[in-house]
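Examining the three-dimensional arrangement
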Amino acid sequence: MSVLVVVVNHRTAPIDVREKLCFGKADGRQALGSLRESGAASEAVILSTCNRTEIYVVDRNDESAVPVRDLLSSRLGEDASQYVYIHRDRTAVRHLFAVSSGLDSMILGEAQIHGQVRDAWEDSHEESGTALNRLFQTSLLVGSRVREETGIGRGAASVSSAAVQLSKKIFGSLTGRRAMVLGAGDVAAIALECLRKEGVSVSIVANRTYERAQALALEHGAVAMHYDECWESLHSVDILLCSTSSPHPIVEVDRVTRALDKRGDRPLCILDIALPRDVEATVGDLDNVFLYDLDDLKSAAAANLERRSEDVPAAERIIASEVEKYWQWLAG
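Here's what I pulled together on the structure shown here. Numbering of residues starts from 1 in every chain and runs along the sequence as written. In keeping with the predicted nature of the model, local features appear solely for residues at pLDDT of at least 70, side-chain atom pairs appear and are counted solely at 80 or more, and the whole-chain, interface and lining totals rest on all residues. As a rule here, side-chain values cover all heavy atoms of the structure and leave hydrogens and water aside.

**Thoughts on the layout of surface pockets**
Quick note on the threshold: Throughout, the protein atoms alone are placed on a 1 Å grid, and a set of points is a cavity if a 1.4 Å probe fits but cannot get out or a pocket if it is open with protein on both sides within 12 Å along at least five of seven lines; lining residues have an atom within 4 Å of a point. Grid points are joined across faces, edges and corners, and a volume is the space filled by probe spheres set on the points. Each helix corresponds to a stretch of at least 4 residues labelled H or I by DSSP, and each strand to a stretch of at least 2 residues labelled E; elements are numbered beginning at the N terminus. Residues are grouped as follows: Ala, Val, Leu, Ile, Met, Phe, Trp, Tyr, Cys and Pro are nonpolar; Asp, Glu, Lys and Arg are charged; every other residue, Gly included, is polar.
Space inside the largest pocket adds up to approximately 1,400 Å³. Lining the largest pocket are 44 residues, and of these Ser 48, Gln 116, Thr 244, Ser 245 and Leu 275 lie nearest its centre. Going through the elements one at a time, helix H1 (15-20), helix H2 (25-37), strand E2 (43-49), helix H5 (112-123) and helix H8 (186-197) are the ones with two or more residues in the lining of the largest pocket. Top element by residues in the lining of the largest pocket is H5. It accounts for seven residues. Of the residues contributing to the lining of the largest pocket, the split by class is 16 nonpolar, 16 polar and 12 charged.

**A few points about the side chain of Arg 277**
Filter applied, for reference: Any pair of N or O atoms that falls within 3.5 Å is considered a polar contact. Within protein, one atom must be able to donate a hydrogen and the other to accept it, and sequence-neighbouring residues count only if both atoms are side-chain atoms. What makes two residues a contact is simply this: any of their non-hydrogen atoms within 4.5 Å.
Within the element layout of this structure, Arg 277 appears in the loop between strand E9 (268-272) and strand E10 (289-292). Polar side-chain contacts of Arg 277 include one of 2.7 Å to the side chain of Glu 19. For Arg 277, the residues in contact, after removing those within four places along its chain, are Ile 15, Asp 16, Glu 19, His 248, Pro 249, Asp 272 and Asp 293.

**Section: the pairing of strand E1 (residues 2-9)**
Note the cut-off: Each residue gets one of three labels from its accessible area relative to the maximum for its type: buried under 20%, exposed over 50%, partly exposed in between, using a 1.4 Å probe on protein chains only. What makes two strands pair is DSSP finding at least two bridges between them.
Of all the eight residues making up E1, eight are buried; the element is thus mostly covered by neighbouring parts of the structure. Of the two faces of E1, both are covered, the one formed by Ser 2, Leu 4, Val 6 and Val 8 as well as the one formed by Val 3, Val 5, Val 7 and Asn 9. In terms of strand pairing, E1 meets strand E4 (residues 85-88) through four bridges, oriented antiparallel. Considered in E4, the bridge of Val 5 is made with His 87.

This is the structure in structure tokens:
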């Protein structure tokens, strides 16, 4: 029995590749089902987030890497080999433990990945089995230990907070600024908290489901809107942060152009931290529009690494110990 993971992430692939390889719940389960039905894997779990797509499998013939890579190539529309790396056995186990602990994130120590690992396991449960269930359960315990026993998660490090910091490159202080957040999930909630801490005076939460927008707005002192009505308010905000789960761009050039006509020469900062991206790429070509996507967060990630790198060795020791415990269990 062998444990294998095929990885595409922010280190190996640009955002236009990662968004094509992003799996939703339904197509993720379908992909895993096809791997199992073909005999390529006896167990499988897919972890797909804004910065990574990883497929974990258990096989008995050490040849699963090829069909998994072929699956990604088919989805990408070209050979995915140049964007992929593969880990086996102890190295694969160590990789997942590092991911769950935030050590493999663009923002070192970010906490959201821990919940994303849990959700990936739950969403893939029908295609998982004894080995991967134990692996993912242990990875969650390891991630919790690393955050409790080291300083790797010190402070509020997240993609959302890094994106908000990017907006300060345009405006300096955000005190008194107005913001609109598209989406009502965890990323949007963290973004609203960060914006409020930076002194943003008015925030709008827009979502396809109004009730979710309203619940989040009430929690953070914002105004709730449905997608259909929020565009009329776009001209009044300074920052637009996008974090929806839409499979297609929803912030189109025409919508932004109409807003620009009403705002004079005031700059508009757009932070697109969704994958697939929420904003048409050509929006960044408009005058007085400053568009940032996930790949633009790398400078913020570098600064975060300097602050937290001293905690990495302690986290690595915890991970190494837990890898051996898991492998002894699997071998037994």
